Amino acid sequence: MARMSRLFLGLISGTSADGIDAALVEFPHGPATAGLRLVAAHTHPWEEAVRARLVAIGQGGEPQSLDELGRLDVQVGEAFAAAALALLRQAGVPPAQVAAIGSHGQTLRHRPHGPAPFTLQVGDGAVIAERTGIATVCDFRRRDVAAGGQGAPLVPAFHAALLHSPAEDRAVLNLGGIGNYTLLPRAGAIRGFDTGPANALLDAWCLRHTGAAFDAGGAFAASGSVDQALLARLLDEPWFALPPPKSTGREQFHLEWVEARLRGEPAADVQATLLELTAATVADALQAHQPGTARVLVCGGGVRNPVLMARLGARLPQVAVESTAAYGLDPDFVEAMAFAWLARETLAGRPGNLAAVTGARGPRVLGVVHPA
């Protein structure tokens, strides 16, 4: 008799810190990924005071003290554990039936360059394991950085397992706080890298000028016009010209970065221009690194912005730009599902990174395991 499928739970809060995404995934037994099933998914809200500190530190601010950093580590762990338990209650699944949790945590700093490269995510995995009673795998990025890699992106191997096609060159585009690609050629090496800001700048500018946490339907951007001179100044950022492997975060692209390039433009025009910056950098990266792409499959919050999706289509007229939903993957929870997969790979002793993507010296088993 065939052995039963296994349940893993993935947790992530991305660059925008707009909520904790939790995904309960059923995998077939063994190394296969095809045939997985998203059992349930949930976005858990942040306590506003905690979120405000995470955003402030994440975009370049400093913790007030080591005590605050320690408190945040525990508070984020508690919030992630609450998200996991809420999802299990919603699904009617007892914690004992879950093999493991894969927790990305919340990134506060990502510095993969320099004399002492590091990446720092908070969200104590020991707290998650204690509160849920489920084995928890966390700190996925650090081992890749220690091996000379960027520590990001880590989802391309998951994308490849589910969305590669031998019939056409494809790309998977995650439009979270930061944009990132997985390039899936018909044949040849899989590649992946960050493209630059996506929702992080759009959300932050929208919040400052309208009070809304995000630009629903792209209406604020649509009310303005792209300022070509401002767009040129934004695109002049040297980071965009760096070759892959590369990654970035809110500490690089934040409102102070935008404000240093403003010349008194109307707020709505700035929003329109920031949206065009995302579309331009995404399109330019694809044309530079996989010009024969036939199809771009989009996930992340940006897929809900019809103005951004339309601009991507306009800048990539020969490419089909579609949601991953068309291929059976809920675009809101692809990354959370990927961290469920990464936990599964870690417990099986299989590498979770792709050295060709991150630049690490080789494949590595990722993460720290806190047993149940």
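Before any of the text, the structure's been laid out above.
Rules used in this analysis
Residues numbered from 1 in each chain as written. Predicted model: local features only at pLDDT ≥ 70, side-chain atom pairs only at ≥ 80, totals over all residues. Heavy atoms only, no water. Phe/Tyr/Trp six-rings, centres within 6.5 Å; stacked < 30°, edge-to-face > 60°. Helix = DSSP H or I, 4+ residues; strand = E, 2+ residues; numbered from the N terminus. Buried < 20%, exposed > 50% of the residue type's maximum accessible area, 1.4 Å probe, protein only. Pairing = 2+ DSSP bridges. Axes fitted to C-alpha atoms, helices over the stretch in contact; angles between N-to-C directions. Contact = heavy atoms within 4.5 Å.

A few words now on the packing of aromatic side chains. Enumeration over the complete set of coordinates arrives at nine aromatic pairs. Ring geometry for Trp-239 against Phe-240: centres 5.9 Å apart, planes inclined by 80°, an arrangement best described as edge-to-face. For the pair Phe-240 and Phe-253, a centre-to-centre distance of 5.4 Å together with 20° between the ring planes defines the contact as stacked. With Phe-240 in the loop between helix 8 (228-235) and helix 9 (255-259) and Phe-253 in the loop between helix 8 and helix 9, this residue pair connects regions lying 13 residues apart in the sequence. Residue classification places Phe-253 among the buried residues on the basis of a relative accessible area of 1%.

This next bit is on the sheet that holds strand 7 (residues 136-138). Taken together, six strands build an open sheet; the order of strands is 3-2-1-4-7-13 and the sheet is mixed. Looking at strand neighbours, the two that pair on one side only are strand 3 (37-44) and strand 13 (368-370), the edges of this open sheet. Pairs of neighbouring strands in the sheet enclose a mean axial angle of 20°, with direction left out of account. In terms of strand pairing, strand 1 (residues 6-12) meets strand 2 (residues 20-27) through seven bridges, oriented antiparallel.

Turning our attention to the sheet that holds strand 10 (residues 191-197). Spatially, the five strands line up as an open sheet ordered 10-9-8-11-12, and their pairing is mixed. Here the strands that pair on one side only, and so sit at the sheet edges, are strand 10 and strand 12 (320-323). When strand polarity is set aside, the average angle formed by the axes of neighbouring strands in this sheet is 25°. Relative to strand 12, strand 11 (residues 295-299) is paired through four bridges, and the arrangement is parallel. Opposite Leu-297, over in strand 12, you have Glu-322 as the bridge partner. Contacts from helix 5 (residues 156-163) reach strand 8 (170-175), strand 9 (178-184), strand 10 and strand 11 within the one sheet, and its direction differs from that of strand 9 by about 50°.

So yeah, pure geometry; function would need other evidence.
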